[in-house]
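# Results of the structural survey
This is what each chain is made of:
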Amino acid sequence: MRATLTNDVETAARDLADHGYCLLECPISPGAFERLRSRLLDVAGQERGDGSAFLYDGGNQRVFSLLNKGREFEENVQDPTVMRLMEELLGVGFLLSSTHANIAGPGGAPMHLHADQTFARPPWPPYALVANSMWMLDDFTAENGATRLVPGSHLLGRQPDYERGEGNTATVPVCAPAGSVMVFDGRLWHQTGANTTGRPRHGILNYYCRGYVRQQQNFFTGLKEEVAARAEPGLRRLLGFENYFSLGMTDGLP
């Protein structure tokens, strides 16, 4: 029931279907990865330094709205390998829902077990409405707060039932070297693990949705003008600036 770390997209797609997640070997060059990691660390440090950081659960940090904070993140959300797998899960015309960093700090508490389709009332359809990708900027280990999950839980098609004690369902850590990417189905039960080490664990979550699902982040009001102005067609489509069939039109027909 464990996914295999691979560079083969077909193997990854099978793991997604069977286990609800897959693990990709680093799909970008070492130089691009170092630039991405360095930029995230700079932004996170700056926000802690100026007092604007979003800190929670005893030592964890989120860095929101990454598209406004570096061109490295604009490239990251369009990675071709991840895009192929997202289309496998979400169909053509899928959108970027949000992009932010999740930093598990020393002493940070684990997150509650959940699936990412909390907005969808049951019964869920037999396919994902959303999906996520976790870019591991450090080695992910059981000790430093690696994402923990319940393999195969995406096939249950529902959230954990806390009244029945399912919030305490046993989870397994997803351990992989820095640079790896975990793509996972929005129905999969998962949580941030507890970091019991003395160093923070950094990851970037790029969250996507089907073309007819409302995005988590409102890019029309939240995106800096200069970012929107320089966006190439591929990024503009991901952000929702183009029609999805008959949705998103202005003043009548497209």
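First, a word on what this report is: a plain description of the structure on this page. What you see is a predicted model; the values in this text were computed from it and never measured. (Residues numbered from 1 in each chain as written. Predicted model: local features only at pLDDT ≥ 70, side-chain atom pairs only at ≥ 80, totals over all residues. Heavy atoms only, no water.)

### A short note on the side chain of Thr192
With respect to the helices, strands and loops of the structure, Thr192 is situated in the loop between β10 (190-191) and β11 (201-209). Among the polar contacts made by the side chain of Thr192, one reaches the side chain of Asn102 at a distance of 3.0 Å. Discounting residues that sit within four places of it in the chain, Thr192 has contacts with Arg62, Asn102, Ala104, Pro110, Met111, Gly145, Ala146 and Arg201. (Helix = DSSP H or I, 4+ residues; strand = E, 2+ residues; numbered from the N terminus. Polar contact = N/O pair within 3.5 Å; in protein donor to acceptor, adjacent residues only side chain to side chain. Contact = heavy atoms within 4.5 Å.)

### A few points about the sheet that holds strand β4 (residues 60-63)
The sheet built from eight strands is open, its strands ordered β1-β2-β9-β6-β11-β5-β4-β3 with mixed pairing. Where the open sheet ends on each side, the last strands, each with one partner, are β1 (5-6) and β3 (54-56). Across three bridges, β4 lies against strand β5 (residues 95-104) in antiparallel orientation. Bridge pairing links Gln61 to Ile103 in β5. In the packing of helix α2 (residues 30-49) onto the sheet, the strands contacted are β4, β5, β6 (130-136) and β11, and the crossing angle to β4 comes to about 110°. Sitting on the sheet, helix α4 (residues 80-90) is in contact with β2 (21-24), β6, β9 (181-185) and β11, with an inclination near 155° to β6. (Pairing = 2+ DSSP bridges. Axes fitted to C-alpha atoms, helices over the stretch in contact; angles between N-to-C directions.)

### Focus on the nonpolar core
In this structure, Leu85, Val183 and Tyr208 are the most contacted members of the largest nonpolar core, which totals 42 residues. A total of six residues in this core trace back to one element, the largest contributor, which is α4. In this view, Tyr208 contacts Val77, Met83, Met86, Leu90, Phe94, Leu95, Leu96, Ser97, Val130, Ala131, Ser133 and Leu238; residues no more than four positions away in its chain are not counted. With 15 residues, the next largest nonpolar core counts Ala3, Met136, Phe140 and Val172 among its residues. (Core = buried A, V, L, I, M, F, W, Y, C linked by side-chain atoms within 4.5 Å. Buried < 20%, exposed > 50% of the residue type's maximum accessible area, 1.4 Å probe, protein only.)

### Digging into unusual backbone geometry
Look at the link from Pro122 to Pro123: it is a cis peptide, with omega at 0°. Looking at the element boundaries, Pro123 is found in the loop between β5 and β6. The residue Asp57 is not glycine, and still its phi comes out positive at about 50°. Assignment of secondary structure puts Asp57 in the loop between β3 and β4. Although it is not a glycine, Ser65 adopts a positive phi angle of roughly 55°. In this fold, Ser65 is placed in the loop between β4 and α3 (71-76). For Ser65, a relative accessible area of 24% gives the class partly exposed.

### Focus: the packing of aromatic side chains
Counted by the stated rule, this structure contains six aromatic pairs. Seen in terms of ring centroids, Tyr212 and Tyr244 are 6.3 Å apart; in terms of plane orientation they differ by 55°. Their pairing is tilted. With Tyr212 in the loop between β11 and α5 (219-222) and Tyr244 in the segment after α7 (233-239), the pair connects residues that are 32 residues apart, well separated along the chain. By relative accessible area, which is 19% here, Tyr244 ends up buried. (Phe/Tyr/Trp six-rings, centres within 6.5 Å; stacked < 30°, edge-to-face > 60°.)

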